[in-house]
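Chains, contacts and geometry: an overview
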Amino acid sequence: MSVSGSSPRPASPRAVSGGSARSWRDALVAVVAGFAVMAAVAAAGLACAGATGLPDGAFPRVLAAVVVMAAGGTVEVTGGAGFLAEADASLSVIPLSVSLAGALTAGALFLRPLHNRAVARPGELLARAGPLVLLWLLALTGAALLARQTFGIAPGDSPVADLGELLDVSPTVGFRAALPATLGFGLLWILGLLLIALLVSRRAPLPAGLVRFHTAVRPAAFATVALLLAYVVLGIGVGLVVAATRGHADRTFAVILLGLPNLAWPALTLGFGGAWEGKAEGPFGLPLPRLLDEVLRGRDLSRVDVASLAEHDSRAWWLVAVAAVALLGTGFLAAVRSPAGVRAWQHALHLGVALTLATLTVCLLAGVQARFGLSLLGIGDAGGLGGRAELRPVLWRNVGLALLWGALAGFLGALAARPVHRRGLVEERPERPERPEPPAAAGG
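A short tour of the structure in this document, coming up. Not measured: the values here are computed from a predicted model. (Residues numbered from 1 in each chain as written. Predicted model: local features only at pLDDT ≥ 70, side-chain atom pairs only at ≥ 80, totals over all residues. Heavy atoms only, no water.)

Structural notes on the packing of helix H4 (residues 122–146) against helix H6 (residues 179–200)
Between H4 and H6, whose axes approach to 10 Å, the crossing angle comes to 145°. Crossing of H4 over H6 shows right-handed handedness. In this structure, H4 contributes Ala129, Leu132, Val133, Trp136, Leu137, Leu140, Thr141, Ala144 and Leu145 to the contact, and H6 contributes Leu179, Thr182, Leu183, Gly186, Leu187, Trp189, Ile190, Leu191 and Leu194. Class assignment of the residues belonging to the contact of H4 with H6 gives a composition of 15 nonpolar, three polar and no charged. (Axes fitted to C-alpha atoms, helices over the stretch in contact; angles between N-to-C directions. Helix = DSSP H or I, 4+ residues; strand = E, 2+ residues; numbered from the N terminus. Left-handed = near helix turned anticlockwise from the far one by under 90°. Contact = heavy atoms within 4.5 Å. Nonpolar A, V, L, I, M, F, W, Y, C, P; charged D, E, K, R; others polar.)

Here it is, written out as structure tokens:
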């Protein structure tokens with residue numbers, strides 16, 4: 001007997017080179033589109049904030065700095081006035097609106113060639129991800145080299161102004177991207193994006209050894225990302241209403257285009273009982289909602305939770321109601337996207353872990369720390385040229401409550417989804433004979 005099977009043939013060099021060329025082409029499209037979208041959103045936000053009037057044609061360099069920070073990079077603030085005065089400045093903030101726009105664009109383009117297959121070889125995924133990561137870091141390097149500028153500042157009627165006039169020196173403040181830190185954090189940013197994209201997409205392939213984790217990971221991951229995006233959409237709606245009814249539309253649009261998730265995602269954690277703490281003082285405070293600014297303007301470090309916000313405006317309690325409805329919807333969505341055989345306690349575990357990791361990520365990304373102080377001869381604050389804006393999470397409280405509420409939402413969502421027809425549900429039907437039985441023979 002002849003054997004018709006044969007060993008698999010290695011791919012031809014032409015096929016390999018063609019696949020490699022497609023990977024580089026797709027990666028280039030994703031990187032260019034991702035950075036173009038981030039630059040467009042950042043430019044619109046900076047224009048609304050009035051940055052187009054910066055001196056010395058600094059707008060492109062400020063734009064580059066915002067894009068660098070959005071992609072996970074680090075921008076250092078510098079300043080001083082020679083031996084006359086010294087600056088103590090720091091800036092740690094991620095413009096998450098810009099980050100989210102770039103992440104959605106690059107993630108969607110990365111997944112597009114991979115759809116409609118259940119399994120992919122690890123080498124194929126690496127061949128797709130490798131060029132994208134390399135080109136992303138090259139583009140980030142170019143933005144980081146552009147992101148540097150120095151400005152002169154006018155101290156007004158102050159000792160620094162008087163001595164500066166006398167000694168022909170003037171205070172300066174500037175910024176520059178820290179290239180090694182930018183590339184390190186940028187690498188983590190793009191790798192995290194690609195990992196989340198593979199976890200969230202139901203149609204993207206996985207290596208054969210990881211397919212068994214599809215049921216446990218992907219429905220909960222998708223529902224959690226949908227929850228975060230829903231809060232951003234809700235924040236856009238609130239921002240548009242505020243811009244239309246309360247004036248200062250340019251400032252409101254600047255917040256929407258630059259840092260809306262920095263406010264919307266902490267609002268989610270406040271809604272399920274979490275807390276943040278911070279302080280705002282001086283003229284360099286970042287644009288914040290009036291209610292939050294009132295809470296942060298205390299003498300000491302202020303605790304921000306629903307109760308402290310409600311002391312200034314009782315409508316803050318709506319954060320609790322919105323979070324409760326959103327979390328129950330998240331649990332229902334995760335259960336509906338899961339096979340029917342998954343039990344309620346498993347849904348609770350999956351969503352609890354997913355919401356915990358999402359909350360941890362929000363706490364690490366949404367914090368704000370900005371400080372600038374100019375001291376005369378190293379002593380004190382010169383002419384009021386100092387300010388501070390700080391907002392950081394109460395980490396363990398936020399993460400612990402996320403685990404609790406995620407588990408509860410997953411369990412209740414599983415119960416609510418039981419009547420819904422889902423993949424894997426087998427309906428019992430009465431058996432039918434394939435053909436009618438012949439009548440019994442007469443006299444049989």
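So much for the structure itself; the text now carries on.
Focus: the packing of aromatic side chains
Going through the model one piece at a time under the given rule, you end up with two aromatic pairs. The interplanar angle of 10° and the centroid separation of 5.3 Å between the aromatic rings of Trp136 and Trp189 together place this pair among those described as stacked. Pair noted here: Trp136 is in helix H4 and Trp189 is in helix H6, with a separation of 53 residues, a long-range link. Just as Trp136 is buried, Trp189 falls in that class too. Taking the ring centre of Phe222 as reference, the NZ or CZ of Arg337 above it sits at 3.6 Å. (Phe/Tyr/Trp six-rings, centres within 6.5 Å; stacked < 30°, edge-to-face > 60°. Buried < 20%, exposed > 50% of the residue type's maximum accessible area, 1.4 Å probe, protein only. Lys NZ or Arg CZ within 6 Å of the ring centre and 35° of its normal.)

Quick look at the side chain of Gln149
For Gln149, the location among the structural elements is in strand S3 (residues 148–152). For Gln149, a relative accessible area of 13% puts it in the buried group. Sequence-distant contacts of Gln149, defined by excluding residues within four places in its chain, comprise Asp56, Ala58, Arg61, Gly174 and Phe175.

What to know about the pattern of salt bridges
Across all of its chains, the model carries eight salt bridges by this definition. Here Arg392 ties to Glu277 by a salt bridge, and the two come within 3.3 Å at their closest N and O atoms. Of the two residues, Arg392 sits in strand S8 (residues 386–393) while Glu277 sits in strand S5 (residues 276–281), which places them 115 residues apart along the sequence. On the basis of relative accessible area, Arg392 is assigned to the partly exposed category, the value being 34%. Residues Asp305 and Arg397 are paired through a salt bridge, measuring 4.0 Å at the closest nitrogen-oxygen approach. Placement of Asp305 in the loop between strand S6 (302–304) and helix H10 (306–310) and of Arg397 in helix H13 (residues 395–416) is noted, with a sequence separation of 92 residues between them. Salt bridges sharing common partners tie together Glu277, Arg303, Glu390 and Arg392. (Salt bridge = Lys/Arg side-chain N within 4 Å of Asp/Glu carboxyl O.)

Observations regarding helix H7 (residues 214–245)
With 32 residues, H7 extends 46 Å between its outermost C-alpha atoms, agreeing within 8% with the 46 Å of an ideal straight helix rising 1.5 Å per residue. One or two positions beyond H7, positive phi appears at Gly247, with a value near 75°. (Expected span 1.5 Å × (residues − 1).)

As for the environment of Asp56
Looking at the element boundaries, Asp56 is found in the loop between helix H1 (13–48) and helix H2 (59–70). Note on Asp56: relative accessible area 64%, which makes it exposed. Linking Asp56 and Thr150, residues 94 residues apart in sequence, is a C-alpha distance of 9.4 Å.

Some thoughts on the side chain of Lys279
Here Lys279 lies in strand S5. For Lys279, a relative accessible area of 7% corresponds to the buried category. If we skip the residues at most four places from it in the chain, Lys279 touches Leu296, Gly298, Arg299, Asp300, Leu301, Arg388, Ala389 and Glu390.

Examining the nonpolar core
Ranked by size, the top nonpolar core spans 53 residues in total, and within it Met38, Leu46, Val68, Val98, Phe110, Leu132 and Trp136 carry the most contacts. Once residues lying within four places of it in the same chain are set aside, the contact partners of Leu46 are Ala51, Thr52, Phe59, Val62, Leu63, Val66 and Leu258. (Core = buried A, V, L, I, M, F, W, Y, C linked by side-chain atoms within 4.5 Å.)

Digging into H13
Over its 22 residues, H13 extends 31 Å from the first C-alpha to the last, a length consistent with the 32 Å expected when each residue adds 1.5 Å. Among the residues of H13, Asn398, Val399, Ala402, Gly406, Ala409, Gly410, Gly413 and Ala414 are the ones counted as buried. Buried residues in H13, looked at end-on, bunch into an arc of 125°, giving them a common side. Relative to its buried face, H13 has exposed residues pointing more than 90 degrees away, namely Trp396 and Leu404. (Arc of directions from axis to C-beta.)

Some remarks on a nonpolar patch on the surface
A cluster of nonpolar residues, Leu328, Leu404, Trp405, Leu408, Phe411, Leu412 and Leu415, forms a patch on the protein surface that exposes about 600 Å² of accessible area. In terms of residue count, H13 provides more of the nonpolar patch than any other element does, six residues in total. Relative to the helices and strands, Leu328 resides in helix H11 (residues 318–336). Judged by relative accessible area, Leu328 falls into the partly exposed class, the value being 42%. (Patch = residues over 30% accessible without salt bridge, like charges linked within 9 Å, V, L, I, M, F, W, Y side chains within 5 Å. Areas by Shrake-Rupley, 256 points an atom, 1.4 Å probe, with all protein chains shown as cover.)

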